[in-house]
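The chain contents come next:
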Amino acid sequence: MKVRIIQIAIVMALSLTSFSSNARATSNYNYKPDEYVVVNNGLSPSGRYSIASHGEGELGYENFHIYLINARTGKKIGPLEEIEGTLDTGASAFYAKWSADSSLVSITYRVDRHVAMMIRYRIKNGRAYRITGPTKVDQLKQ
């Protein structure tokens, strides 16, 4: 009987431990200086642009931004300032979806554990221009 009680207690403890760690799961990254990490599907079909993340400090939260990058030279064009209040700082938590001609890109990201946002940009003359958003969406779009 004692063995059974101990087994149940161990199973419950393991369940609570895994549940509590999943409940606060975020994707974070400690960026090196001048390190920009391309997000999921971040490279445009033309190979000319990419969408990348960069932050500073512990877990990347300080001065965190998503950037439009010239993929051929690796130089940042500029931050996408409208993407703010993100829950995550890891590039793997952001999803880009490009049009076939690389003139449009939508980026989906989380602002809360269960709240995803999407923003759309037109890429013209080497710059990003917001079309719509940020708009709440049902899920992260891959």
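Residues numbered from 1 in each chain as written. Predicted model: local features only at pLDDT ≥ 70, side-chain atom pairs only at ≥ 80, totals over all residues. Heavy atoms only, no water.

Check the secondary structure of the protein chain and you find one helix and eight strands. Its helices and strands taken in sequence order, the protein chain reads α-β-β-β-β-β-β-β-β from the N to the C terminus. Taking all 142 residues of the protein chain together, the buried fraction comes to 35%. As displayed, the protein chain offers around 9000 Å² of accessible surface, 53% of which is attributable to carbon and sulfur atoms. (Helix = DSSP H or I, 4+ residues; strand = E, 2+ residues; numbered from the N terminus. Buried < 20%, exposed > 50% of the residue type's maximum accessible area, 1.4 Å probe, protein only. Areas by Shrake-Rupley, 256 points an atom, 1.4 Å probe, with all protein chains shown as cover.)

Before going further, it helps to examine the nonpolar core. Of all hydrophobic cores here, the largest spans 22 residues; its most connected members are Ile51, Ile66 and Ile107. Counting residues per element, the ones that place at least two in this core are strand S2 (49–56), strand S3 (62–70), strand S5 (95–98), strand S6 (104–112) and strand S7 (115–124). Here the element with the most residues in this core is S7; it accounts for five residues. For Ile107, the residues in contact, after removing those within four places along its chain, are Ile51, Ile66, Leu80, Ile83, Tyr95, Ala96, Met117, Met118, Ile119 and Tyr121. (Core = buried A, V, L, I, M, F, W, Y, C linked by side-chain atoms within 4.5 Å. Contact = heavy atoms within 4.5 Å.)

A word on the pairing of S6. For S5 and S6, the ladder comprises four bridges, and the chain directions are antiparallel. Note that in S6 the partner of Ala96 across the bridge is Ile107. Hairpin connection between S5 and S6: a loop of five residues separates the two successive antiparallel strands, and Ser102 in this loop has a positive phi of roughly 65 degrees. Across eight bridges, S6 lies against S7 in antiparallel orientation. Following the sheet pairing, Thr108 is matched in S7 by Met118. Taking the residues between adjacent antiparallel strands as the criterion, S6 and S7 are bridged by two residues. (Pairing = 2+ DSSP bridges.)

This part covers the packing of aromatic side chains. Taken as a whole, this structure holds four aromatic pairs when the rule is applied. Aromatic pair Tyr29 and Tyr31: ring centres 4.7 Å apart, planes at 70 degrees, arrangement edge-to-face. Judged by relative accessible area, which is 9%, Tyr31 ranks as buried. (Phe/Tyr/Trp six-rings, centres within 6.5 Å; stacked < 30°, edge-to-face > 60°.)

Structurally, the position occupied by Asp34 is in the loop between helix H1 (2–23) and strand S1 (37–43). Judged by its relative accessible area of 67%, Asp34 falls in the exposed class. The spacing of Asp34 and His54 is 20 residues in sequence and 7.9 Å in space, taken between C-alpha atoms.

Once that is clear, we can look at the confidence of the model for the protein chain. Confidence in the prediction of the protein chain, expressed as mean pLDDT, is 85, and 80% of residues score 70 or more. By mean pLDDT, H1 is the weakest element of the protein chain at 41, and S5 is the strongest at 98. Segment residues 3–24 is flagged for pLDDT under 50; beyond a separation of four residues in sequence, or across chains, it makes two contacts in the model. (pLDDT = per-residue confidence, 0-100.)

Structurally, the position occupied by Gly57 is in the loop between S2 and S3. Among the residues examined, Gly57 registers a relative accessible area of 36% and is labelled partly exposed. Separated by 26 residues in sequence, Gly57 and Tyr31 place their C-alpha atoms 7.8 Å apart. In contact with Gly57, not counting residues within four places along its chain, are Asn30 and Glu62.

Enumeration over the complete set of coordinates arrives at one salt bridge. The partner of Arg110 in a salt bridge is Asp88, with the nearest N and O atoms 2.8 Å apart. Of this pair, Arg110 sits in strand S6 while Asp88 sits in the loop between strand S4 (76–79) and S5; the two residues are 22 residues apart in sequence, bridging distant segments of the chain. Pair check on accessibility: Arg110 and Asp88 agree, each one buried. (Salt bridge = Lys/Arg side-chain N within 4 Å of Asp/Glu carboxyl O.)

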